[in-house]
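Spelled out from the first residue to the last, the chains are:
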Amino acid sequence: MKYTLLLGFAFLASGSAETLHYSVNWPSGLSLGEATLRSDQIAGGTASEPGWDFDLNLDAGVPGFAIRDQYHSTANIDFCSGQLDKKTAHGTHTGQERVIFDPSKNTATRETLRGAQVAGTSQLSVPSCARDVLTLLQFVRRELAQGRLPSQQPAVLGAVYQMRLEYLGTTPVRLGNQQTDADRFRASIKGPASDLTLELFFARDAARTPLMVKIPLALATFTVELIP
């Protein structure tokens, strides 16, 4: 499959999307479900500027409690967010919201939705080049591909969170029957009412493919692993 390089960031050739499939696992290795991460370059045209299009779909859960989350994000060519749409269903609780970024005002408007109707709005103060969590992940991949460790910066997901990466070295990662070397990072994420530390593992390939995430929660430490 042919690859091209855009701004030092490897993606599938223009017109194609990169789609990565992940398994969400208990510490024992038992699968709770799957997640799909999609990234696509927008070529642009007479009515639109070139940029990026990102999706994350999660379908997981335990008996009696299903989790189905959908995220869609758009960004310009410099990985500055334009809009983030989010739909969640956790058991019987559902939610829908949209965040619209305005770089000229250094704000992001969060809209809570009920169907097609806006039920409430709030304003977030953000940098002129703000990034939602999906866009930030892809920005991190580009920076790592260019040999740079991204500095601490905000990530938007409903609220504004501060994210800082720390490089922890190279380590082998096993995915199914395959083993590969990965660069390991600690991600410290702090928000208005939360403080979370994740472990991220990126392949040492040109695209800096995300291989695994370890998520420590009160119940257990879950892993999200790339399906080879």
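Residues numbered from 1 in each chain as written. Predicted model: local features only at pLDDT ≥ 70, side-chain atom pairs only at ≥ 80, totals over all residues. Heavy atoms only, no water.

(A) Examining the confidence of the model for the protein more closely. Across the protein, the average pLDDT comes to 89, with 91% of residues at 70 or higher. Predicted confidence is poor over residues 1–15, with pLDDT under 50, and the contacts of this stretch with residues over four places away or in other chains come to 35 contacts. (pLDDT = per-residue confidence, 0-100. Contact = heavy atoms within 4.5 Å.)

(B) Molecular detail of the state of the cysteines. One pass over the structure, following the stated rule, counts one disulfide. Here Cys80 pairs with Cys129 through a disulfide, and the sulfurs are 1.9 Å apart. One quick way to see it: the torsion about the S-S bond of Cys80 and Cys129 is about -95°, and its sign makes the bridge left-handed. Of the two residues, Cys80 sits in the loop between strand 6 (65–76) and strand 7 (81–90) while Cys129 sits in the loop between strand 10 (117–125) and helix 1 (133–145), which places them 49 residues apart along the sequence. On the basis of relative accessible area, Cys80 is assigned to the buried category, the value being 14%. (Disulfide = S-S within 2.5 Å. Helix = DSSP H or I, 4+ residues; strand = E, 2+ residues; numbered from the N terminus. Buried < 20%, exposed > 50% of the residue type's maximum accessible area, 1.4 Å probe, protein only.)

(C) Just helix 1, in detail. Taking 1.5 Å of rise per residue, the 13 residues of helix 1 would be expected to cover 18 Å, and the 18 Å separating its terminal C-alpha atoms lies within 8% of that figure. Where burial is concerned, most of helix 1 is hidden: ten out of the 13 residues are buried. Those residues of helix 1 that sit buried are Leu134, Thr135, Leu136, Gln138, Phe139, Val140, Arg141, Arg142, Glu143 and Leu144. Where helix 1 begins, one side-chain oxygen reaches toward the backbone nitrogen of Leu134, 2.9 Å away; that side chain belongs to Asp132. Directly after helix 1, the chain includes Gly147, whose backbone phi takes a positive value near 80°. (Expected span 1.5 Å × (residues − 1). Polar contact = N/O pair within 3.5 Å; in protein donor to acceptor, adjacent residues only side chain to side chain.)

(D) Structural view of the nonpolar core. One finds Tyr22, Val140, Leu165 and Leu200 to be the most contacted residues of the largest nonpolar core, which totals 35 residues. Residues in contact with Leu200, not counting those within four places in the same chain, are Leu165, Asp183, Arg184, Phe185, Ala187, Met212 and Val213. One finds Ala108, Val126, Ala130 and Val156 within the second-largest nonpolar core, a separate group that totals eight residues. (Core = buried A, V, L, I, M, F, W, Y, C linked by side-chain atoms within 4.5 Å.)

(E) Structural view of the pairing of strand 8 (residues 93–102). Across eight bridges, strand 7 lies against strand 8 in antiparallel orientation. The residue of strand 8 that forms the bridge with Gln83 is Ile100. Following strand 7, the chain reverses through two residues before pairing antiparallel with strand 8; Gly91 in that reversal takes a positive phi of roughly 65°. Here six bridges tie strand 8 to strand 9 (residues 107–114), and the two strands are oriented antiparallel to one another. From the neighbouring strand, Asp102 faces strand 9, where its bridge partner is Thr107. What sits between the antiparallel neighbours strand 8 and strand 9 is a turn of four residues, in which Asn106 has the positive phi angle 55°. (Pairing = 2+ DSSP bridges.)

(F) The arrangement of unusual backbone geometry in detail. Unlike most non-glycine residues, Asn106 shows phi in positive territory, near 55°. As for its placement among the helices and strands, Asn106 is situated in the loop between strand 8 and strand 9.

(G) Layout of the pairing of strand 7. Note: strand 6 against strand 7, nine bridges, orientation antiparallel. By the bridge assignment for strand 7, Asp69 is matched with Thr88. The hairpin turn running from strand 6 into strand 7, its antiparallel successor, is four residues long, and Phe79 in that turn takes a positive phi close to 65°.

(H) Summary view of the pattern of salt bridges. The final tally for this structure, using the stated rule, is 14 salt bridges. Between Arg38 and Asp40 there is a salt bridge, with its nearest N and O atoms 3.9 Å apart. Close ionic contact of Arg204 with Asp183 constitutes a salt bridge, the shortest N to O distance being 3.3 Å. Of this pair, Arg204 sits in the loop between strand 14 (194–203) and strand 15 (210–216) while Asp183 is found in strand 13 (residues 178–191), placing the two residues 21 residues apart along the sequence. Here Arg204 falls in the exposed class, since its relative accessible area comes to 53%. (Salt bridge = Lys/Arg side-chain N within 4 Å of Asp/Glu carboxyl O.)

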